[in-house]
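Observations on the three-dimensional arrangement
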Amino acid sequence: MEVLQLLASDFTLRHSLSKPTVSLPPTHSLSVVVFRRRRSPCGGRWWAPRACAVEVSESEGGKMVMELVGAFNELTERMNVLSTSSSRLLFKCLKLSIPILQSSPLAPDGRSPLSKALSVALLLADLQMDAEVISAGIFRAVLEAGELSIHEIRNQMGLATAHLLHESLRVNNFPSRIDVVDDDNAAALRKFCLTYYDIRALILDLALKLDMMRHLDYLPRYQQQIISMQVMKIHAPLAHAVGTTYLSLELEDLSFQYLFPYSYLYVDAWLRSHETGGVSLIDIYKEELLRNLKADSLLAELVDDVSIKGRFKSRYSTMKKLLKDGRKPEDVNDVLGMRVILNPKAGENALEAGERACYRTHQIIQSMWKEIPYRTKDYIARPKANGYKSLHMAVDVSENGKTRPLMEIQIRTTEMDRLAVGGTAAHSLYKAGLTDPEEAKRLKTIMLAAAELAALRLKDFPTSTNHKGIEIHQRDRVFRLLDKNGDGKISIEELTEVMEELGAPAEDAREMMQLLDSNSDGSLSSDEFHMFQEQVI
């Protein structure tokens, strides 16, 4: 009843939860804006700029080159993309967008349009989206600035990027198709989107929605609630459906925070109480379990590697459990959760070895914590109808008289995990209102095919395990894009061309060349340019 009373009081509370304002610092000489990772109150991430002193150039052209290089490197490091076509597309997008966004007025939430565009782009890069999607995300801010039309973007960037941009605008307008956001209408709308829209455009729109939700404080209370209700009913389930679970969880938590701030604070404070010296319980148990698993000789004979993923239950999911049957916080059994993923040794008996490893892991966990027998479910011996395999258990981690929530643990092999997360056993589409398994499977196939087609067109494939090679390639990527004739150096003509593309005068290129050209040979070598990049990043 206490929770229900808190919910009732939410309707009269003015939302006062504040988040750091994300905005670019004022432009001044000898500075460049780069980005750093910050944590949101809901456990997610956003990106905020910081100023770094870099003695390169006081000219506007020099500062825009710094922005260009810093943004490109930040994005490509997260994309881990090595194809020349993707690099060129993204570089061209940034060259076209940065001058426009730098000169545009602040967005309604107080952020610079460039800061806003790059925050969305970095979010998409973290989701491992391709260069076309990331470019479309940046151009959404350009369209909002009113400086370029979709037709102009198509002429300069190509049909694929313009198509994604157009599709994302269509997706952005689809909530206006319904007057009442009830469960039935929301489910029908989600199913319609998954069926008729480009899946990459859906993910782009979801990234834009998350970025907006992270900076919603500037709106009046009633508008915050209207937007949050739409996001809770439509966009959060869609995010789960397309496989972007962490987007879904943060969208739910942020919507919960704006719709019911008192209840959010109540749940947040309770979850934060499960910390020891500022370290979360899940991190402590994760490290303890990993240490015991790696020390077991029997398990070592069966697997090459062991990894563990840990999580606290989201604020919104916890509240749903509290409301169900009038539960108390201590009665919520899956606040703590871990997933153990075992990579069995290669060979003819890898499947059998993997299953044996799962059961051995179960025994090791039983020796560490008290198992709750009625919560154990063996989906390895008895897989679900959709092919799902995993061993589930719950353990009591209370100690020294201090009561802790039960911790749920899933144990599976890498192949079981692959099928559960992205393959035939994936159940995420059911969260979008698709109850027909065959329909869900068909849409999953379409989604995967769209991603594979984009990768094939852009020649973006998984990178090799040669981390040294990747590092060298990352270092030289911008240099090779600026060295258009491929002679191993950036000439004054090539630097001037970039400056002019950024809308800066040729004098800025000459000034920058003089500052960076340490051996005064009239050009920039790879080493000279790398020294410049090290200051920017």
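Quick notes on the rules
Residues numbered from 1 in each chain as written. Predicted model: local features only at pLDDT ≥ 70, side-chain atom pairs only at ≥ 80, totals over all residues. Heavy atoms only, no water. Helix = DSSP H or I, 4+ residues; strand = E, 2+ residues; numbered from the N terminus. Buried < 20%, exposed > 50% of the residue type's maximum accessible area, 1.4 Å probe, protein only. Contact = heavy atoms within 4.5 Å. Core = buried A, V, L, I, M, F, W, Y, C linked by side-chain atoms within 4.5 Å. Phe/Tyr/Trp six-rings, centres within 6.5 Å; stacked < 30°, edge-to-face > 60°. Lys NZ or Arg CZ within 6 Å of the ring centre and 35° of its normal. Salt bridge = Lys/Arg side-chain N within 4 Å of Asp/Glu carboxyl O. pLDDT = per-residue confidence, 0-100. Axes fitted to C-alpha atoms, helices over the stretch in contact; angles between N-to-C directions. Parallel < 35°, antiparallel > 145°, perpendicular 65-115°, else oblique. Nonpolar A, V, L, I, M, F, W, Y, C, P; charged D, E, K, R; others polar. Left-handed = near helix turned anticlockwise from the far one by under 90°. Arc of directions from axis to C-beta.

Side note on the overall build of the chain
A tally of regular secondary structure across the chain gives 22 helices and twelve strands. Burial status across the chain gives 52% buried among its 537 residues. Sequence separation of 24 or more characterises 70% of the internal contacts of the chain that already satisfy a separation of 6 or more.

Here we look at the nonpolar core
Among the nonpolar cores identified, the biggest contains 89 residues, and Leu75, Leu94, Leu124, Ile134, Ile138, Leu202 and Phe529 are the most heavily contacted of them. Looking at which element gives the most residues to this core, the answer is helix α9 (residues 199–213), with ten residues. Beyond its immediate stretch of four places on either side in the chain, Leu124 contacts Met129, Val133, Ile134, Gly137, Ile203, Leu204 and Ala207. By size, the runner-up hydrophobic cluster in this structure holds 30 residues, among which are Val303, Met338, Leu342 and Ala353.

What to know about the packing of aromatic side chains
With the rule as written, the count across this model stands at six aromatic pairs. When the centroid spacing of 6.1 Å and the interplanar angle of 50° are considered together, the rings of Phe479 and Phe529 count as tilted. Taken together, the positions of Phe479 in helix α19 (residues 467–482) and Phe529 in helix α22 (residues 526–536) put the pair 50 residues apart, joining distant regions of the chain. Like Phe529, Phe479 is buried. Of the aromatic side chains, those joined through ring pairs into one cluster are Phe256, Tyr264 and Tyr316. Positioned above the aromatic ring of Tyr379 is the side chain of Lys384, whose terminal nitrogen or guanidinium carbon lies 4.9 Å from the ring centre. The lysine or arginine in question, Lys384, covers the ring of Tyr388, its NZ or CZ lying 5.0 Å from the ring centre.

Describing the environment of Trp270
Along the chain, Trp270 falls in helix α12 (residues 261–272). For Trp270, a relative accessible area of 18% gives the class buried. With 45 residues separating them along the chain, Trp270 and Arg315 place their C-alpha atoms 9.7 Å apart.

Quick look at the environment of Leu259
With respect to the element layout, Leu259 can be found in helix α11 (residues 245–259). With 32 residues separating them along the chain, Leu259 and Ile227 place their C-alpha atoms 9.6 Å apart.

Quick notes on the pattern of salt bridges
This structure, assessed with the given rule, holds 21 salt bridges. Here Arg375 and Glu408 are joined by a salt bridge, their closest N and O atoms 2.3 Å apart. Of the two residues, Arg375 is situated in the loop between β7 (370–371) and β8 (377–378) and Glu408 in strand β10 (residues 407–413); the sequence distance between them amounts to 33 residues. By relative accessible area, which is 18% here, Arg375 ends up buried.

Points about the confidence of the model for the chain
Residues at a pLDDT of 70 or more form 72% of the chain, whose mean pLDDT is 76. At the level of individual helices and strands, the chain shows its lowest average pLDDT in helix α1 (residues 2–10), which scores 40, and its highest in β8, which scores 94. Segment residues 1–57 is flagged for pLDDT under 50; beyond a separation of four residues in sequence, or across chains, it makes 154 contacts in the model.

Things to note about the packing of helix α3 (residues 84–102) against helix α4 (residues 113–126)
Packing of α3 against α4 leaves a shortest axis separation of 8 Å and a crossing angle of 140°. The angle between the axes of α3 and α4 places the two elements in the oblique class. The residues of α4 that touch α3, namely those facing Leu94, Ile98, Leu101 and Gln102, are Pro113, Leu114, Ala117 and Leu118. Residue composition of the contact of α3 with α4, by class: seven nonpolar, one polar and no charged.

Some remarks on the packing of α9 against helix α10 (residues 221–241)
In the contact formed by α9 and α10, the axes pass within 11 Å of each other and the chain directions differ by 140°. In terms of their interaxial angle, α9 and α10 are classed as oblique. Remark: the crossing between α9 and α10 carries left-handed chirality. Across the interface between the two elements, Leu202, Asp205, Leu206, Lys209, Met212 and Met213 from α9 touch Ile227, Ser228, Val231, His235, Leu238 and Ala239 from α10. Residue composition of the contact of α9 with α10, grouped by class: eight nonpolar, two polar and two charged.

With respect to helix α21 (residues 506–516)
Every buried residue of α21 is listed here: Asp508, Ala509, Met512, Met513 and Leu516. The arc enclosing the buried residues of α21, seen along the axis, measures out at 135°, which places them on a common side.

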